[in-house]
Amino acid sequence: MKYHIWTAGCQMNVADSQRVASALERMGYHATPQAEDAEVIVLNTCVVRQSAEDKAAGRITSLKPLKEANPNLTINLMGCMVGVKGAELLAEQYPYVDVFSPPSDPGPLVSFLTQDESRFIELNDTEARFALQDGDLVLPEHERGQLVSAHVPVVYGCSHACTFCIIPYRRGVERSRPLGEIVAEVRSLTAQGVKEITLLGQIVDRYGRDVEDGPNLAALLQHVSAVDGLERVRFLTSHPNWMTDELLETVAANPKVMPHIEVPVQAGDDQVLETMRRGYTAEQYRQLVQRIRATIPNVSIATDIIVGFPGESAAQFQATYDLLAELKLDVAHLARYSTRPGTVAARRLEDDVPEDEKMDRFRALEDLQEGIVAEINARYLGETVQVLFEEEVKGRWKGRTDTNKLVFVESDKDLRGQVLPAQVTWTGPWSMQARLFPDASDFNIPLESVSISA
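This structure is a prediction, so every number in the text was calculated from the model and none was measured.

Student: Can you walk me through the pairing of strand β8 (residues 196–201) in this structure?
Tutor: The side chains of a regular strand alternate, first on one face of the sheet and then on the other. When you tally the buried positions in β8, you get six out of six residues, the bulk of the element. Alternating positions in β8 separate into two faces, Glu196, Thr198 and Leu200 on one and Ile197, Leu199 and Gly201 on the other, with burial throughout. As paired strands, strand β6 (residues 149–156) and β8 are joined by six bridges and run parallel to one another. Counted as the bridge partner of Val152 is Leu199 from β8.

What follows is the structure in structure tokens.
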């Protein structure tokens with residue numbers, strides 16, 4: 001029996017799909033890249049923007065003929081399109097879908113399959129659910145021995161409720177996973193060959209704040225990095241309001257925690273930030289960036305920006321443009337504002353920035369950021385960097401530096417999972433090329449030897 005999973009959206013959805021695949025394979029299913037060949041199809045959806053929701057709706061509709069041709073086919077709709085309360089309405093809209101699963105919950109699909117004796121394979125419901133227990137994640141067959149970098153959710157949901165964001169309404173309130181379960185999962189993944197772990201949360205630096213006397217993210221990083229065999233630890237996405245000195249000092253002091261911080265600004269104008277309900281000013285964000293750079297040597301910083309938020313004037317957009325030009329961050333994830341039903345912005349604010357103006361602003365920031373990153377990456381030319389290699393792509397090995405820069409090298413050796421020194425020979429805005437040293441696998445150059453001027 002075969003399963004097919006289609007995943008859209010963020011890294012959290014990728015981690016959720018991985019857990020679903022693990023549960024299905026525990027039940028005797030095998031992956032197939034073709035939906036037409038599967039007995040079970042899972043659609044893990046994203047609705048953070050209208051375009052993502054439209055894409056998911058189109059994908060669901062495309063499966064109707066498959067269901068009509070094969071009534072025994074199981075279709076599972078999962079993720080933010082379902083949300084925590086959305087199954088009833090969706091069942092009316094898509095009556096051929098068999099199972100509706102909230103985000104991060106493979107349980108409804110497992111229960112459905114184990115209740116059908118025709119699909120039952122040497123497992124009762126209790127044993128099947130054991131496959132979902134935290135810390136017992138067995139990688140899907142196609143990833144075993146192949147996956148170098150994995151994502152581990154540590155905070156589900158969000159309780160901050162920015163006015164533009166649909167996530168709290170679809171993923172529910174903030175819930176931190178127990179430290180022991182997280183460390184057990186990291187230990188399990190590392191035993192299966194994973195070398196790098198990224199801890200995930202909608203606001204990851206709020207980890208533990210919903211638990212009385214619970215550990216915070218700084219403590220969690222220390223525990224995770226102590227796992228034998230693990231080379232690197234990252235975390236995302238952070239919020240400026242909870243980026244503490246303790247957390248930054250932990251990143252600076254722990255050699256396994258990579259010097260790469262993702263902390264969205266979303267806008268550079270104080271009035272827009274207030275309307276977004278972000279909880280800080282542009283000046284406070286500016287000071288945070290200065291504090292990050294002062295605390296963590298050679299750090300790289302990524303941000304998110306939304307253009308065309310309701311009421312954003314040309315002058316307010318210019319403030320965002322000027323802030324990005326001033327701070328010169330390593331990565332800027334850009335998005336045009338999209339009204340999401342149910343959010344505060346959808347209920348109270350008019351989406352009054354024309355789409356062509358949104359696109360013009362998007363492209364202006366895109367062009368600016370391309371120049372900034374080209375300038376930053378050019379400083380690496382001739383430098384030696386430590387690269388964790390992930391996979392071979394079109395005859396070259398792809399890897400990432402500690403600062404999350406994409407690097408390609410040519411080698412006829414299997415570099416998967418190795419951290420090796422490489423000398424940068426070419427730089428561009430989106431990636432770099434490098435050469436390995438002779439017998440590079442026989443030695444490592446300490447991270448402290450790499451010095452890139454800010």
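Student: Teacher, can you tell me more about the packing of helix α9 (residues 217–225) against helix α10 (residues 245–253) here?
Tutor: The angle between the axes and the distance between the axes are what describe a pair of packed helices. Running from N to C, α9 and α10 cross one another at 20 degrees; their axes reach a closest spacing of 8 Å. By the angle between their directions, the pair α9 and α10 is classed as roughly parallel. Our pair here, α9 against α10, has a crossing hand that is left-handed. Counted together, Leu217, Ala218, Leu221 and Gln222 of α9 and Glu246, Leu247 and Thr250 of α10 form the full contact between these two elements. A per-class count over the contact of α9 with α10 returns four nonpolar, two polar and one charged.

Student: How should I be thinking about the sheet that holds strand β9 (residues 232–236) in this particular structure?
Tutor: Picture the strands of a sheet paired through backbone hydrogen bonds; they go either parallel or antiparallel. Reading across the sheet, the four strands line up as β7-β6-β8-β9 and stay open at both edges, with mixed pairing between neighbours. Each edge of the sheet is formed by a strand with only one pairing partner; in this case those strands are β7 (175–176) and β9. In the packing of helix α1 (residues 11–26) onto the sheet, the strands contacted are β6, β8 and β9, and the crossing angle to β6 comes to about 105 degrees. Strands in contact with helix α8 (residues 179–191) are β6 and β8; relative to β6, the strand with the most contacts, it is inclined by about 170 degrees.

Student: Even after reading the chapter, I still don't get the packing of aromatic side chains, so can you show me in this structure?
Tutor: Any pair of aromatic rings gets described here by the distance separating the centres and the angle formed by the planes. One pass over the structure, following the stated rule, counts five aromatic pairs. With a centroid separation of 6.2 Å and an interplanar angle of 80 degrees, the aromatic rings of Tyr94 and Tyr96 are classed as edge-to-face. Tyr96 sits in the buried class, given a relative accessible area of 12%. Measuring from centroid to centroid gives 5.3 Å for Phe309 and Tyr337, while their planes differ by 75 degrees, and the two rings are edge-to-face. Of this pair, Phe309 sits in the loop between β11 (300–307) and α13 (314–327) while Tyr337 sits in the loop between β12 (331–336) and α14 (344–348), and the two are 28 residues apart along the sequence. Residue class for Phe309 comes out buried when judged on its relative accessible area of 0%. Taken together through their ring pairs, the aromatic side chains of Phe164, Phe309 and Tyr337 make up a single cluster. The ring of Trp242 is capped by Arg206, whose NZ or CZ atom sits 4.6 Å from the centre of that ring. The lysine or arginine in question, Arg396, covers the ring of Phe408, its NZ or CZ lying 4.4 Å from the ring centre.

Student: Whenever I open this one, the environment of Ile372 confuses me. Can you help?
Tutor: Secondary-structure assignment places Ile372 in helix α15 (residues 355–378). Separated by 188 residues in sequence, Ile372 and Ala184 have C-alpha atoms that sit 40 Å apart. In this structure Ile372 touches Leu324, Ala325, Lys328 and Leu329, once residues within four positions along its chain are discounted.

Student: Help me understand the side chain of Asn254, please; the structure alone is not making it clear to me.
Tutor: Within the secondary structure layout, Asn254 lies in the loop between α10 and β10 (260–262). The exposure class assigned to Asn254 is buried, which follows from its relative accessible area of 9%. Within the structure, the side chain of Asn254 is placed 3.0 Å from the backbone nitrogen of Lys256, a separation counted as a polar contact.

Student: What exactly am I supposed to notice about the side chain of Asp269 here?
Tutor: As for its position among the elements, Asp269 is in the loop between β10 and α11 (270–276). Nearest to the buried, unbridged Asp269 among oppositely charged side chains is Arg361, at 10 Å. Within the structure, the side chain of Asp269 is placed 3.0 Å from the backbone nitrogen of Val272, a separation counted as a polar contact. Reaching out from Asp269, the side chain makes a polar contact with the side chain of Gln316 at a distance of 3.2 Å. Setting aside its immediate chain neighbours within four residues, Asp269 contacts Gln316, Ala319 and Thr320.

Student: Honestly, the nonpolar core in this entry has me stumped. Any pointers?
Tutor: The nonpolar side chains of soluble globular proteins are, as a tendency, buried together. Counting residues in hydrophobic clusters, the biggest one holds 94 residues, and the most contacted among them are Leu199 and Phe235. For this core, the element with the most residues is α15, which contributes six residues. Apart from residues no more than four positions distant in its own chain, Phe235 is found in contact with Thr198, Leu199, Val204, Leu217, Leu221, Leu247, Val251, Val257 and Ile261.

Student: I'm lost on unusual backbone geometry in this one. Help?
Tutor: Backbone phi values are negative for most residues with the exception of glycine, while trans is the configuration of most peptide bonds. For the peptide bond that leads from Leu236 to Thr237, omega is -5 degrees, which places it in the cis range. Tracing the sequence through the fold places Thr237 in the loop between β9 and α10. Not every positive phi belongs to a glycine, and Ala161 is a case in point at roughly 60 degrees. Tracing the backbone through its elements, the reader meets Ala161 in the loop between β6 and α7 (167–171). Looking at Ala161, the relative accessible area reads 18%, which means it is buried. Even without being a glycine, Arg277 presents a positive backbone phi close to 65 degrees. As for its placement among the helices and strands, Arg277 is situated in the loop between α11 and α12 (282–295).

Student: Explain the pattern of salt bridges to me, please; I cannot follow it from the model alone.
Tutor: Side chains that differ in sign of charge can pair as their charged atoms come close. Summed over the entire model, instances satisfying the criterion amount to 21 salt bridges. Residue Glu53 is joined to Arg340 by a salt bridge in which the shortest nitrogen-to-oxygen separation is 2.3 Å. Here Arg340 lies in the loop between β12 and α14 and Glu53 lies in helix α2 (residues 50–62), a separation of 287 residues in the sequence. In terms of burial, Glu53 and Arg340 fall into one category: buried.

Student: Can you walk me through the sheet that holds strand β1 (residues 2–7) in this structure?
Tutor: Strand order across the open sheet formed by five strands is β2-β1-β3-β4-β5, with parallel pairing between neighbours. Taken across any chain shown, the strands that pair with only one partner, and hence form the sheet edges, are β2 (30–31) and β5 (99–101). Relative to strand β4 (residues 74–79), strand β3 (residues 40–45) runs parallel, the two sharing six bridges. Bridge pairing in β4 places Val42 opposite Asn76.

Basis of the calculations
- Residues numbered from 1 in each chain as written.
- Predicted model: local features only at pLDDT ≥ 70, side-chain atom pairs only at ≥ 80, totals over all residues.
- Heavy atoms only, no water.
- Buried < 20%, exposed > 50% of the residue type's maximum accessible area, 1.4 Å probe, protein only.
- Helix = DSSP H or I, 4+ residues; strand = E, 2+ residues; numbered from the N terminus.
- Pairing = 2+ DSSP bridges.
- Axes fitted to C-alpha atoms, helices over the stretch in contact; angles between N-to-C directions.
- Parallel < 35°, antiparallel > 145°, perpendicular 65-115°, else oblique.
- Left-handed = near helix turned anticlockwise from the far one by under 90°.
- Contact = heavy atoms within 4.5 Å.
- Nonpolar A, V, L, I, M, F, W, Y, C, P; charged D, E, K, R; others polar.
- Phe/Tyr/Trp six-rings, centres within 6.5 Å; stacked < 30°, edge-to-face > 60°.
- Lys NZ or Arg CZ within 6 Å of the ring centre and 35° of its normal.
- Polar contact = N/O pair within 3.5 Å; in protein donor to acceptor, adjacent residues only side chain to side chain.
- Lys, Arg positive; Asp, Glu negative; His and termini not counted.
- Salt bridge = Lys/Arg side-chain N within 4 Å of Asp/Glu carboxyl O.
- Core = buried A, V, L, I, M, F, W, Y, C linked by side-chain atoms within 4.5 Å.

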